[in-house]
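# Structural description and commentary
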Amino acid sequence: MIRIQQPIRHGYLYLQHLFHMLGQWLGYVLEGNRRKSTIAPLDGIRAIACLSVVAYHLTLVTTHDIVLWKPDQLPPVISALAFAGDTGVTLFFLLSGFLLFLPYAKSLLFDAPWPSMRFFYFRRALRILPAYYVTLLLMILLEHHEYLQRDHLVRLGLFLTLFMDSFPQTYRELNGPFWSLAVEWQFYLLLPFLALAIAWIVRRGSLKRRVCLLMACLSAVIAWGLLSRYGGIYLTAHPDQSFLVPRSVLNVIMPFVYGAQGSGLHGKFLEDFAVGMLLSSCYTVARALPPESRLNELLRRLHPWLWVVGLLWLLVMACWKFNLDNPHTWLVLDQFPPVYNYVSELGFSIGYGLCIAAILFGASWLRAPFEWSPLRWLGILSYGLYMWHLKLLEFFTSHFVIFLQGWWNAALYSLYWGWLFVFIVPCMFLLFVLVEKPWVDLGNKSREREQRSG
């Protein structure tokens, strides 16, 4: 018996060592020195955002392309959560607002050096454009040859300049998830100028005065997002109406401040980014104060409530969203005012913001799941995964699942997740190593040189 157990034990120890070495290698390749410069749980939160969008598109594929289940076959709360996965995009926007506004918040509140506009655009371009252009080129060559024809050159130009969300001809064309990359890119273009405008108001006086003025400015940005959404919806529904300028001028302006008219896209999601900027400002103040300060003590006491209230708020928003397409699922929600399209983004971003605040300011037991290395690694790969997952899920449906329809539906649904982790994620690892990482490293080296020269 001992002779049998010893080889088993040695085999187990060998596998344990092998997985440990593999984990160290993956951590080195994916993270490098990221732990020194990033807020650890945010990569895990980004992974959750990406998986939410993947789950949403898988819900669409398995209820439309190939019917494996129907919403009325599950408890309505489960169906509501499944169809709310697209709000992972809202979480992406909130995270962008949080991270990109951090250096501006430090400068506005504590007179840290003002971020270089040139360097900001340089690093954002290196982070976003190489992998995007490679993906765009591959998708055109593999599936959309029409974008190589002369009559599609204008549309191709919109994709190359990341304004494909602004016109119905290109919104959700070629690859559905691309539209949100356009929204992100346009926020990058706006942010340095928006921060300069805020600085003109905020950068003087005491810390308390600066915090109050900054909160007021960011609340105004949220109001701007809501008003542009409301105005765009109204003007799209009333094509003869105008506001301040002739309608012909408005028709030129609206694609860039509202989006593709008549496409179902509502606004540029500025309120989502602004909620992230608000949270970033609060985080900056809390980190600058001593741990025993009243603010940090209050945040530590409140974090369980922030977490519970945030989750419940998101659940109500998800049920409200589901109830619009499936009336009378919850009779109480039928009484809600018909303003979902105007306030839904703000509602979801508030819920996500409360949860992120609980994670950032809460106890280690709440942060720990989001700091789990495999989840963080998935967050690092989320950019490529976000761009490619829908196309590869559709490919899997048409080339594999369609021939397995006699199988048990739950098994087929599980196969999709197997396809995701066994094939799609490794492909995104290659995309990251071969395309994303070299350009990100170039941006990091440029930042280090600029910091040394400064």
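A brief report on the enclosed structure follows. Please read all numbers here as calculations on a predicted model, not as lab measurements.

### Regarding the pattern of salt bridges
A complete count under the given rule lists 13 salt bridges for this structure. With its nearest N and O atoms 2.8 Å apart, the salt bridge here joins E271 to R229. On the criterion of sequence distance, the pair formed by E271 in helix α11 (residues 270-288) and R229 in helix α9 (residues 207-237) is long-range, its members being 42 residues apart.

### Re the nonpolar core
F101, Y132, F178, I356 and Y416 are the most contacted members of the largest nonpolar core, which has 127 residues in total. Beyond its immediate sequence surroundings of up to four residues, I356 is in contact with L42, I45, L91, L94, L95 and L279.

### Description of the state of the cysteines
If you walk through the whole model with that rule in mind, you get zero disulfides. In this model C212 remains outside any disulfide bridge; the closest cysteine sulfur is found in C282, 11 Å from its own. There is no disulfide at C355, and the cysteine sulfur nearest it, in C319, is 15 Å away. Under the relative-accessibility criterion, C355 is labelled buried at 7%.

### Focus: α11
With 19 residues, α11 ought to run about 27 Å at 1.5 Å a step, and its terminal C-alpha atoms sit 27 Å apart, in line with that. For α11, a buried count of 16 out of 19 residues is recorded, marking the element as mostly surrounded by other parts of the structure.

### Describing unusual backbone geometry
Even without glycine at this site, D111 takes up a positive phi of about 60°. Along the polypeptide, D111 turns up in the loop between α5 (88-110) and α6 (117-142).

### Notes on the packing of aromatic side chains
The full count for this structure, using the stated rule, is 36 aromatic pairs. With a centroid separation of 5.5 Å and 90° between ring planes, the pair formed by Y147 and F159 is classed as edge-to-face. Residue Y147 is located in the loop between α6 and α7 (153-160), and its partner F159 is located in helix α7; the two are separated by twelve residues in the primary sequence. Residue class for F159 comes out buried when judged on its relative accessible area of 0%. Centre to centre, the rings of W320 and F336 are 5.2 Å apart; their planes meet at 70°, and the pair counts as edge-to-face. Highlighted residues: W320 in helix α12 (residues 294-325) and F336 in the loop between α13 (331-334) and α14 (340-361), separated in sequence by 16 residues. Overall, the relative accessible area of 8% leaves W320 in the buried class. Taken together, the ring pairs in this structure connect F93, Y171, W179, F187, F269 and F273 into an aromatic cluster. The aromatic ring of Y188 is capped on one face by R124, whose charged end is 5.3 Å from the ring centroid. A cation over a ring is seen here: R229 above F269, with NZ or CZ 5.0 Å from the ring centre.

### With respect to the packing of α5 against α9
Each pair of packed helices gets described by two things: the angle between the helix axes and the distance between those axes. The interhelical angle for the contact between α5 and α9, taken along N-to-C directions, is 140°, at an axis separation of 9 Å. Put simply, α5 runs oblique to α9. In contact with F101, S107, L108, L109 and F110 of α5, α9 contributes L207, R210, V211, L214 and L218.

The rules behind each value
Residues numbered from 1 in each chain as written. Predicted model: local features only at pLDDT ≥ 70, side-chain atom pairs only at ≥ 80, totals over all residues. Heavy atoms only, no water. Salt bridge = Lys/Arg side-chain N within 4 Å of Asp/Glu carboxyl O. Helix = DSSP H or I, 4+ residues; strand = E, 2+ residues; numbered from the N terminus. Core = buried A, V, L, I, M, F, W, Y, C linked by side-chain atoms within 4.5 Å. Buried < 20%, exposed > 50% of the residue type's maximum accessible area, 1.4 Å probe, protein only. Contact = heavy atoms within 4.5 Å. Disulfide = S-S within 2.5 Å. Expected span 1.5 Å × (residues − 1). Phe/Tyr/Trp six-rings, centres within 6.5 Å; stacked < 30°, edge-to-face > 60°. Lys NZ or Arg CZ within 6 Å of the ring centre and 35° of its normal. Axes fitted to C-alpha atoms, helices over the stretch in contact; angles between N-to-C directions. Parallel < 35°, antiparallel > 145°, perpendicular 65-115°, else oblique.

These figures come from the coordinates and say nothing about function on their own.
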